[in-house]
Amino acid sequence: MPWRALLGDVLLDGESWSALTSMTRLRRCRAGDLVWQRGEAAVAMRALCEGKVVARGPLTGPLWLDLHTAWLEGRYEDDVRVGSGSALLMEWPMSVAAMWLRSQPLVLEALVRAVSAQMRDAQDAIHALTTQDATGRVAAWLLTQAGAASELRLAERKRDVAAQLSISPETFSRALRQLADRGVLAVQGYRIVLLDRVALLALARCR
């Protein structure tokens, strides 16, 4: 269990770690399996320990998939599926977690930090949608997907990527062509090579 990636440097005694581990459930899923479906009641905090899933965009573990919905006793708004050959998922049922966390302020603080980070990312995404044009959104998406690498491979259909960016598939394809014409990137089938990261960053920051 990748607790360090999920909770940070939380200091717990052996008994507390054992209690935490005993409360969680691990589930191995295969490519295409549903992690959860739209409308399903959220009864547990869920994390991706390894592998990749596709929600509104691709997510690679280890990371928390959803923390807030279970605390709000809500229902999931979107389907989430496994996007890699397999994925290892962790579920922490609220029926046992809520009571235990009352006596574990350090773990609770780590969860609050994790939720805060998710809310910050959501706020950044909303900000991008309201301040960036289509090319800027595509540039920001490319940089995020590539990370430190100089190239990336499209693992999703273009229409799914376009939906994440709130643009049409045609607009997404046109933005890629325009960036390629500028010499900022090269598109070779599903492979995209980033030729000028500085130019992409400037476009991503442009309002």
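Up top is the structure these notes are about.
Cut-offs used in this document
- Residues numbered from 1 in each chain as written.
- Predicted model: local features only at pLDDT ≥ 70, side-chain atom pairs only at ≥ 80, totals over all residues.
- Heavy atoms only, no water.
- Helix = DSSP H or I, 4+ residues; strand = E, 2+ residues; numbered from the N terminus.
- Contact = heavy atoms within 4.5 Å.
- Areas by Shrake-Rupley, 256 points an atom, 1.4 Å probe, with all protein chains shown as cover.
- Lys, Arg positive; Asp, Glu negative; His and termini not counted.
- Charge placed at Lys NZ, Arg CZ, Asp CG, Glu CD.
- Buried < 20%, exposed > 50% of the residue type's maximum accessible area, 1.4 Å probe, protein only.
- Arc of directions from axis to C-beta.
- Pairing = 2+ DSSP bridges.
- Axes fitted to C-alpha atoms, helices over the stretch in contact; angles between N-to-C directions.

1. Quick notes on the overall build of the chain
Turning to step 1, where the next piece is worked out: When you go through the chain residue by residue, the secondary structure sums to nine helices and eleven strands.
Turning to step 2, where the next piece is worked out: Overall, the C-alpha framework of the chain stretches about 60 × 30 × 30 Å when taken along its three principal axes.
Turning to step 3, where the next piece is worked out: Considering only contacts within the chain whose residues lie at least 6 apart along the sequence, 71% involve residues at least 24 apart.
Turning to step 4, where the next piece is worked out: Carbon and sulfur atoms make up 53% of the accessible area of the chain, which totals about 11,700 Å².
Turning to step 5, where the next piece is worked out: Within the chain, one finds 26 positive and 22 negative side-chain charges whose respective centroids are separated by 5 Å.

2. A closer look at helix H4 (residues 94-101)
Turning to step 1, where the next piece is worked out: Within H4 the residues assigned to the buried category are Met-94, Ala-97, Trp-100 and Leu-101. Projected down its long axis, H4 carries its buried residues within an arc of 140 degrees, all on one side. Within H4, the exposed residues directed more than 90 degrees away from the buried face are Ser-95 and Met-99.

3. Comments concerning the sheet that holds strand E1 (residues 25-30)
Turning to step 1, where the next piece is worked out: Strand order across the open sheet formed by four strands is E1-E8-E3-E6, with antiparallel pairing between neighbours. For this open sheet the edge positions go to E1 and strand E6 (63-66), each flanked by a neighbour on one side alone. Taken pair by pair, the neighbouring strands of this sheet meet at an average axis angle of 30 degrees, ignoring direction.
Turning to step 2, where the next piece is worked out: Examined bridge by bridge, strand E3 (residues 44-50) and E6 share three bridges and lie antiparallel to one another. Of the residues in E6, the one forming a bridge with Arg-46 is Asp-66.
Turning to step 3, where the next piece is worked out: The strands touched by H4 are E3 and strand E8 (86-93); relative to E8, the strand with the most contacts, the crossing angle is about 60 degrees.

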